[in-house]
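So you can see what is in the structure, the chains are spelled out below.
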Amino acid sequence: MKAAEGFPSGLCAQHRAIEALLRQLDGVRTRGGTSDEEDLRLLAALRRLLLPHLAAEEEHLYPLARRYLPVGRALADAAGCTHASIRRLLDRADDCRLSVTGRRRATAVLLLVLRTHLRGEEEQLFPALRARARPDELRRCERRLREPRLREPRAGPPGATGPAGPAGPAGPAVRGLPPGAGAITALRDRLTGHDSSGQRSP
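What you are looking at is a predicted structure, and each value in this text was computed from that prediction instead of being measured.

A. Focus on the packing of helix 2 (residues 9–31) against helix 5 (residues 100–132). The contact between helix 2 and helix 5 brings their axes to 11 Å, and the two run at 150°. The pairing of helix 2 with helix 5 is recorded here as roughly antiparallel in orientation. Here helix 2 runs over helix 5; the crossing is left-handed. Along its contact with helix 2, which presents Leu 11, Cys 12, His 15, Arg 16, Ile 18, Glu 19, Leu 22, Arg 23, Leu 25, Asp 26, Val 28 and Arg 29, the element helix 5 presents Arg 104, Thr 107, Ala 108, Leu 111, Leu 114, Arg 115, Leu 118, Glu 121, Glu 122 and Phe 126. Class assignment for the residues of the contact of helix 2 with helix 5 results in 11 nonpolar, 2 polar and 9 charged.

B. Layout of helix 2. Here helix 2 spans 34 Å end to end across 23 residues, near enough to the 33 Å set by a 1.5 Å rise per residue. What helix 2 keeps buried is the set Gly 10, Leu 11, Cys 12, His 15, Ile 18, Leu 21, Leu 22, Leu 25 and Val 28. Among the structural elements, helix 3 (37–68), helix 5 and helix 6 (135–146) are those in contact with the buried residues of helix 2.

C. Looking closely at the side chain of Asp 91. Residue position: Asp 91 is located in helix 4 (residues 72–93). Within the local environment of Asp 91, its side chain forms a polar contact with the side chain of Arg 47, the two groups lying 3.0 Å apart.

D. Expanded view of the environment of Pro 70. Tracing the chain through its elements places Pro 70 in the loop between helix 3 and helix 4. On the basis of relative accessibility, which here comes to 66%, the residue Pro 70 falls in the exposed class. Each C-alpha atom, one on Pro 70 and one on Arg 132, is 9.8 Å from the other, the two residues being 62 residues apart in sequence.

E. Here's a closer look at the environment of Arg 146. Of note, Arg 146 is situated in helix 6. A relative accessible area of 52% places Arg 146 in the exposed class. The spacing of Arg 146 and Ser 9 is 137 residues in sequence and 9.2 Å in space, taken between C-alpha atoms. Non-local contacts of Arg 146, meaning those with residues more than four positions away in its chain, are made with Ser 9 and Gly 10.

F. The nonpolar core, seen in detail. Formed by 23 residues in total, the largest nonpolar core has its most connected members in Leu 46, Leu 50, Leu 110 and Leu 114. Counting only elements with at least two residues in this core, the list comes to helix 2, helix 3, helix 4 and helix 5. Leave out the neighbours within four places in its chain, and Leu 46 touches Ile 18, Leu 21, Leu 22, Leu 25, Leu 90, Leu 110 and Leu 114. Within the second largest apolar cluster, 20 residues are counted, among which are Tyr 68, Leu 69, Ala 79 and Leu 129.

G. Focus on the confidence of the model for the protein chain. When the pLDDT values of the protein chain are averaged, the result is 78; 68% of them are 70 or greater. In the predicted structure, residues 150–184 sits below a pLDDT of 50 and forms 57 contacts with residues beyond four places in sequence or in another chain. For residues 196–202, every residue scores under 50 in pLDDT, and the model assigns this stretch 14 contacts once sequence neighbours within four places are set aside.

H. Broad picture of the pattern of salt bridges. Here the structure, examined in full by the defined rule, presents 15 salt bridges. With a closest N to O distance of 3.1 Å, Arg 97 and Asp 95 form a salt bridge. Using a relative accessible area of 65% as the deciding quantity, one classes Arg 97 as exposed. In this structure, the salt-bridge partner of Arg 134 is Asp 136, at a minimum N-O distance of 2.7 Å.

I. Examining helix 3 more closely. With 32 residues, helix 3 should cover 46 Å at 1.5 Å per step; its first-to-last C-alpha distance of 45 Å lies within 8% of that length. Of all the bends found along helix 3, the most pronounced is centred on Glu 58 and spans about 40°.

Conventions and cut-offs
Residues numbered from 1 in each chain as written. Predicted model: local features only at pLDDT ≥ 70, side-chain atom pairs only at ≥ 80, totals over all residues. Heavy atoms only, no water. Axes fitted to C-alpha atoms, helices over the stretch in contact; angles between N-to-C directions. Helix = DSSP H or I, 4+ residues; strand = E, 2+ residues; numbered from the N terminus. Parallel < 35°, antiparallel > 145°, perpendicular 65-115°, else oblique. Left-handed = near helix turned anticlockwise from the far one by under 90°. Contact = heavy atoms within 4.5 Å. Nonpolar A, V, L, I, M, F, W, Y, C, P; charged D, E, K, R; others polar. Expected span 1.5 Å × (residues − 1). Buried < 20%, exposed > 50% of the residue type's maximum accessible area, 1.4 Å probe, protein only. Polar contact = N/O pair within 3.5 Å; in protein donor to acceptor, adjacent residues only side chain to side chain. Core = buried A, V, L, I, M, F, W, Y, C linked by side-chain atoms within 4.5 Å. pLDDT = per-residue confidence, 0-100. Salt bridge = Lys/Arg side-chain N within 4 Å of Asp/Glu carboxyl O. Bend = angle between axes of the 7 residues up to and from the residue.

Here is the structure:
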C-alpha cells in the first residue's frame, strides 16, 4: 500500500504553498493601512497557484472520489460549488473597482473559505481515498495531478462564475465535507453583500 501512504503528495505540497500565501495576506491585514498594493501582489500570486490547483482537483481528484467513496458524488458536487465560490471571491478580492475596504472584506471571506476547504480535504477526503481506492488508481491519479497543465483556466470578469459552474445555496450536510459549510456560506454572503441566489442583500 505504498501508493496510499503519501497520497496525494503533490496536492498537499500545493496546499502548503497556498497556506504560506494566506499567512502573508493575514500579515498585510494585521498591519492595516490604506494602501493595498501588497494585497494585490499576493492575490495575483495566489491566483496563479490556485486556479490550476482547483482545475486539477476537478479533473482528477474528485472523479476518483465519485468512483470510490459512498458519498463521492455529493462530495464532488459540493466541492464544485465551493471551488466556484472561491473563484468568485478571488475576483472580488482583486477587483480594483471596489474600495480597499471592500476588497479586504472579500479577502477575509476568501481566506476563511479556503482554509476550511483545504482542511476538509486533508482531514477527511484524502484519508478516505487512501483507505478505499485501489493502489494503482491512486498512483495513476498522483501522476496526473503532477503533470504540468498546458493551459491555466482563464479568469473571467469580476463576479463571473468559474468553470465549475455557479455556486448555489449550501446543501445538506454531507459526511466528508468540511464542518460548518452552511455557516461559511452565510458569513461569505453577509460580508460580500450577496445572498446565495446572487442578489444583493439590503
